[in-house]
Amino acid sequence: MTILDLLREEEKYILKMRRLYELYGYKKYKMSKFEHYDLYLENKSFLSSSNILTFTDAGGTLLALKPDITLSIVKNAPESFFEPEKVYYCENVYRSTDQSSGIREILQVGIEYIGEMDTYAQAEVLALAAKSLREISSSSVIGISHMGLVTALLDQAKLEGMARREVLRCLGEKNVHELQAVCREEAVAEKDINKLTSVAEVYGPLQASLAKLADLLADTSAGDPARLAVDELAQLYQVLDAVGCGTQFVLDFSVTNDMDYYNGVTFQGFVDGIPAHVLSGGRYDTLVKKFGKQAGAIGFAIYPNLLEQFSEDTRDSDLDVLITYGSADPAAAAAEAQKLTNEGLQVRVQKDTVSTVRYKKHVRMDKKEGGAAI
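Here the structure is a predicted model, which means the values were calculated and not measured. (Residues numbered from 1 in each chain as written. Predicted model: local features only at pLDDT ≥ 70, side-chain atom pairs only at ≥ 80, totals over all residues. Heavy atoms only, no water.)

Caption draft 1: Geometry of the overall build of the protein. Along the backbone of the protein there are 13 helices and 16 strands. Taken across its 374 residues, the protein has 49% of its residues classed as buried. A separation threshold of at least 6 residues defines the contact pool for the protein, and within that pool the share at least 24 residues apart is 69%. Of the roughly 18600 Å² that the protein leaves accessible, carbon and sulfur atoms contribute 50%. (Helix = DSSP H or I, 4+ residues; strand = E, 2+ residues; numbered from the N terminus. Buried < 20%, exposed > 50% of the residue type's maximum accessible area, 1.4 Å probe, protein only. Contact = heavy atoms within 4.5 Å. Areas by Shrake-Rupley, 256 points an atom, 1.4 Å probe, with all protein chains shown as cover.)

Okay, structure coming up:
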């Protein structure tokens, strides 16, 4: 038995991912459990939960248990970038989805790339997302979309305010019928409705789906924002394909994020056996510029708690040996457990024979003989 054999699946994932990110020059980022509350108050729309746990320290400063890692990384990034800021993290965040559920502690592992943004920089982060999922499962997929394309189509349709948000929601839900209804209520031109409908229905391997988008936008000029977004996705695919990750990506415009912050590619990762995305990321230049820093940024986070929750690994409940000693001498049970654990077996000792824990072998201590019987 090695040290790795003693680790939970979640812990093994973290070690593998740390090694992967360090191979590509990412440095570990460590932050305190607490941040000044003002940081989150000023960026509430960026947070997935508005319920933040706060307290006042001895000096009277209002602090918050961190609900997010990215904000702290951006805040502490250099003002100017002679080279990109490349960091990875393994941190707990504290969130609540509603007032009744309380605060949850959630482990996140992820990377952030802040600096000059080009095709390679974005493709590196996307490739690391794909490779991270491979460390979890041999069967994984990443849905990718582009907020630049979505924004351009919404602008062309002259959708604003609540109607704009409703159409964005419909895209996220792939609800074509309601999308068309909202657009017609806003008197959107049919050609623009058809484009939005076609985008909502797009789903499939990235390369093939990009060809369909190119046909859809054939009437747009080379400098059109929607066309530029498709061209960028095509360039990213070429790099991803060169490193063997291209087939892991599918184009899916239900993968949308807050348009106030995300301005480029957005993506979510899925693995077999887990009914939720375990990875989420995107490009967020707008947030970096809000902090007065002239740079692009892209990153992603993985949620290992989901991996542990749905893992098929039953090591925690599949014992090698269950020892029950009833009314026998506890010292005999202790000696038997010592012998078996010295052999590297996982052992549980208890008095009662009733157990909800599964085991491969049951050792019952016999009071009369003072020994063990199977």
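Caption draft 2: Inspection of the pairing of strand E9 (residues 249-252) at higher detail. Taking every second residue as pointing to the same face, both faces of E9 are buried, with Phe 249 and Leu 251 on one and Val 250 and Asp 252 on the other. Looking at chain direction, strand E7 (residues 140-146) and E9 are connected through three bridges and run parallel. In the strand pairing of E9, Ile 144 is matched with Leu 251. With three bridges connecting them, strand E8 (residues 203-205) and E9 associate as antiparallel partners. Looking at E9, one finds that Gly 204 is bridged to Leu 251. (Pairing = 2+ DSSP bridges.)

Caption draft 3: Focus on the environment of Lys 86. Mapped onto the elements of the fold, Lys 86 is located in strand E5 (residues 85-95). Taking C-alpha positions, Lys 86 is 4.8 Å from Tyr 26, a pair spaced 60 residues apart along the chain. Those residues in contact with Lys 86 that lie beyond four places of it in its chain are Tyr 24, Gly 25, Tyr 26, Lys 27, Glu 112, Tyr 113 and Glu 124. A distance of 2.8 Å separates the side chain of Lys 86 from the backbone oxygen of Tyr 24, its partner in a polar contact. (Polar contact = N/O pair within 3.5 Å; in protein donor to acceptor, adjacent residues only side chain to side chain.)

Caption draft 4: Structural detail: the nonpolar core. Counting 101 residues, the largest nonpolar core has Tyr 21, Ile 114, Phe 267 and Phe 300 as the members making the most contacts within it. No other element matches the ten residues that helix H4 (residues 119-136) contributes to this core. If you look at the next biggest cluster of nonpolar residues, it comprises ten residues, including Tyr 325, Ala 333, Ala 337 and Met 365. (Core = buried A, V, L, I, M, F, W, Y, C linked by side-chain atoms within 4.5 Å.)

Caption draft 5: Highlighting the packing of aromatic side chains. Counting across every chain of the model gives three aromatic pairs. Between Tyr 21 and Phe 300 the ring centres are 6.2 Å apart and the planes differ by 70°, which places this aromatic pair in the edge-to-face class. Placement of the pair is Tyr 21 in helix H1 (residues 9-23) and Phe 300 in strand E12 (residues 296-302), with a sequence separation of 279 residues. When sorted by exposure, Tyr 21 lands in the same class as Phe 300, which is buried. With 6.4 Å between their ring centres and 65° between their planes, Phe 267 and Phe 300 make a pair best called edge-to-face. Separated by 33 residues along the polypeptide, Phe 267 in strand E10 (residues 265-271) and Phe 300 in strand E12 bring together distant segments of the chain. One exposure class covers both Phe 267 and Phe 300, and it is buried. Members of the aromatic cluster, connected to one another through ring pairs, are Tyr 21, Tyr 88, Phe 267 and Phe 300. (Phe/Tyr/Trp six-rings, centres within 6.5 Å; stacked < 30°, edge-to-face > 60°.)

Caption draft 6: A look at the pattern of salt bridges. For the structure on display, the rule yields 14 salt bridges. Put simply, Arg 169 and Glu 166 hold a salt bridge, and the shortest N to O gap is 2.6 Å. With Arg 169 and Glu 166 both in helix H6 (residues 161-173) and three residues apart, the pair spans about one turn of that helix. Owing to a relative accessible area of 28%, Arg 169 belongs among the partly exposed residues under this scheme. Residue Glu 166 is classed as partly exposed on the basis of its relative accessible area, which comes to 25%. Ionic pairing is found between Arg 169 and Glu 173, a salt bridge with its closest N-O pair at 2.9 Å. One end of the pair, Arg 169, and the other, Glu 173, are both in helix H6, four residues apart, so they sit about a helical turn from each other. (Salt bridge = Lys/Arg side-chain N within 4 Å of Asp/Glu carboxyl O.)

Caption draft 7: Structural context of the pairing of strand E4 (residues 62-65). Pairing between strand E2 (residues 34-36) and E4: three bridges, direction antiparallel. When the bridges of E4 are listed, Phe 34 appears paired with Leu 65. Examined bridge by bridge, strand E3 (residues 54-56) and E4 share three bridges and lie antiparallel to one another. In the sheet register, Thr 56 faces E4, and the bridge partner there is Leu 62. Once E3 ends, the chain turns through five residues before running back antiparallel as E4, passing Gly 60 with a positive phi of about 90°.

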